[in-house]
Every structure is written in structure tokens, then in C-alpha cells.
Amino acid sequence: ADGETRWIRDYGTKLRDAAGNAYRTHGIAEDITEQRNAELALMESQRRRDALLEANPDPAWLKDLQGRYIAVNRAWFTRRGLTPFNIEGKTDRDFFSAERAAKVVEEDRRVVETKSVVRDERNWKYADGASWIETVKAPVLDADGNVTAIVGLSHDITERKRSEQAVQ
């Protein structure tokens, strides 16, 4: 009556007599506007997250507390010489040597335990030619201050390292 659009889920069925003839329709309508608006807001949030990830030219990722990837950007794949595929559920052990994966897992543990940003510089060879990488990881906190995920970014600092070595 006020012009507001509402989302309705309706169910209906025909009631039949013993001979199978329909004699009445029975139905229920449920207002699902709040649920639908929440779904639309979540989809918009996911589109924004994906846009932020893809706009970043450096590898970026989001992992859950078990170290499973939730999302990565295209640069993440490029750095590793991989073509994009569904990464959800994979861990660092799926991509790195045992030694390297252990270091990454240790960094993630520090982020969770300290609830703070962890920075690291590492000298590892990557498929895209980078050899020195600065990685920044940060906790994702819920409304109560509990860590729910880990977000990370890696930046190629090879040229900076070469310059520092030349100065020394």
C-alpha cells in the first residue's frame, strides 16, 4: 500500500478429491524481504571484495584460520606461474615445499596469536622472476575482536634489495 517493494515466497498446492479432481487451492505466502536484502548485500560485498583483489597488481589473498584459501587474485596465480583455478580449500602445502609452507604457516600463527600485522621479507625464486618479496599479513577481526581470517599481500622488492646491496 505504501509503494514499497517486498519479496514474497509463495507455495501452493491443489487439493484433490478421491477421484483426483482439484476442488480447492491451498497456499502460503511468506515475506522474505529481509532475507533477500541480506542476500543482495552479501553478494554486493563479495563483488566489492573481488574488485579490490583484482585491482591490486600484487598478489593478494584471504585465508581462513585453518590456512585454507578463501580467495586470491589473478596476480597470486601469476607469481606462482599458475593459471587461475578454484583455489578454495587449498593450503600452502599444496603449493610450496614443506620447509617453505612451514614458514608461511608460522607467520599465519603469529598473526592470529598477536592479532597484529606481520611483515616479512624473503628471498625465494618465483615464476614471474621476482626473488625478493615483502609480505604483509593482517588479521580479519569480527565484532568481538576475534580473528576470523588472515588477509595478505606480497610485493616484489627485488630492485630495492639490489639498490641496498649496491649502496653497501
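See above for the structure.
This report concerns the structure included in the present document. (Residues numbered from 1 in each chain as written. Predicted model: local features only at pLDDT ≥ 70, side-chain atom pairs only at ≥ 80, totals over all residues. Heavy atoms only, no water.)

1. Here's the deal with the pattern of salt bridges
Proximity of charged atoms lets side chains of opposite charge pair with each other. The criterion, for reference: For salt bridges, the criterion is a side-chain nitrogen of Lys or Arg within 4 Å of an Asp or Glu carboxyl oxygen. We count a stretch as a helix when DSSP gives it H or I for four or more residues in a row; a strand needs E for two or more, and each element gets its number in order from the N terminus. The cut-offs for exposure are 20% and 50% of the maximum accessible area for each residue type, with area from a 1.4 Å probe on protein chains only; residues under the lower value are buried, those over the upper are exposed, and the others partly exposed.
Counted according to the given criterion, the structure contains 23 salt bridges. A salt bridge links Asp92 to Lys63; its shortest N-O distance comes to 2.7 Å. Residue Asp92 is located in the loop between α2 (74–80) and α3 (98–114), and its partner Lys63 is located in strand β3 (residues 60–63); the two are separated by 29 residues in the primary sequence. Linking Lys161 and Glu164 is a salt bridge whose minimum nitrogen-to-oxygen distance equals 3.7 Å. Of the two residues, Lys161 and Glu164 both sit in helix α4 (residues 158–167), 3 residues apart, roughly one turn of that helix. What makes Lys161 buried here is its relative accessible area of 14%. Accessibility expressed as a relative area gives 33% for Glu164, which makes it partly exposed. If you follow the salt bridges from partner to partner, you end up with Lys63, Asp92, Glu107, Asp108, Asp120, Arg122 and Lys137 in one network.

2. Re the layout of surface pockets
Selection rule: Residues are called lining when one of their atoms sits within 4 Å of a cavity or pocket point, these points coming from a 1 Å grid over the protein atoms alone, where a cavity is a set in which a 1.4 Å probe fits but cannot get out and a pocket is an open set with protein on both sides within 12 Å along at least five of seven lines. Grid points are joined across faces, edges and corners, and a volume is the space filled by probe spheres set on the points.
Taken as a whole, the largest pocket encloses approximately 220 Å³ of empty space. Lining of the largest pocket is provided by 14 residues; of these, Leu52, Leu53, Ala60, Trp61 and Val151 occupy positions nearest its centre. Elements with a contribution of two residues or more to the lining of the largest pocket: α1 (33–55), β3, β6 (132–141) and β7 (147–156). If you tally residues by element for the lining of the largest pocket, the top one is β6, at 4 residues.

3. Overview of the side chain of Thr135
Worth spelling out the cut-off: When checking whether two residues touch, look at their non-hydrogen atoms; a contact exists if any pair is within 4.5 Å.
Structurally, the position occupied by Thr135 is in strand β6. Not counting residues up to four positions away in its chain, the partners in contact with Thr135 are Trp61, Glu107, Val118, Arg119, Asp120, Arg122, Leu153 and Ser154.

4. What about the sheet that holds β3?
The test is simple: By definition, two strands form a pair when at least two bridges between them are found by DSSP. All axes here are fitted lines through C-alpha atoms, helices being fitted over the stretch that makes contact, and every angle between N-to-C directions spans 0 to 180 degrees.
Spatially, β4-β3-β7-β6-β5 is the arrangement adopted by the 5 strands of the open sheet, whose pairing is antiparallel. Edge strands, defined here as strands with exactly one partner in the open sheet, are β4 (69–72) and β5 (118–123). In this sheet, adjacent strand axes meet at a mean angle of 20° when their direction is disregarded. Direction of pairing for β3 relative to β7: antiparallel, over a ladder of 4 bridges.

5. Brief notes about empty space enclosed by the protein
Filter applied, for reference: Classification used: nonpolar for Ala, Val, Leu, Ile, Met, Phe, Trp, Tyr, Cys and Pro, charged for Asp, Glu, Lys and Arg, polar for all others including Gly.
Under the defined criterion, the tally for this structure stands at 2 cavities of 30 Å³ or more. Here the largest cavity is characterised by a volume of approximately 80 Å³. Of the residues contributing to the lining of the largest cavity, the split by class is 6 nonpolar, 2 polar and 5 charged. Taken together, Pro59, Trp61, Trp76, Arg79, Arg80, Tyr126, Ile133 and Ser154 form the lining of the second largest cavity. When residues of the lining of the second largest cavity are assigned to their parent elements, the largest contribution, 3 residues, is made by α2. Classifying every residue of the lining of the second largest cavity gives 5 nonpolar, 1 polar and 2 charged.

6. Some words on the environment of Leu62
With respect to the helices and strands, Leu62 occurs in strand β3. For Leu62, a relative accessible area of 16% puts it in the buried group. Considered as a pair, Leu62 and Leu153 are 91 residues apart in the sequence and their alpha carbons are 9.2 Å apart. If sequence neighbours within four positions are ignored, Leu62 has contacts with Arg49, Arg68, Tyr69, Ile70, Ala71, Val140, Ala149, Ile150 and Val151.

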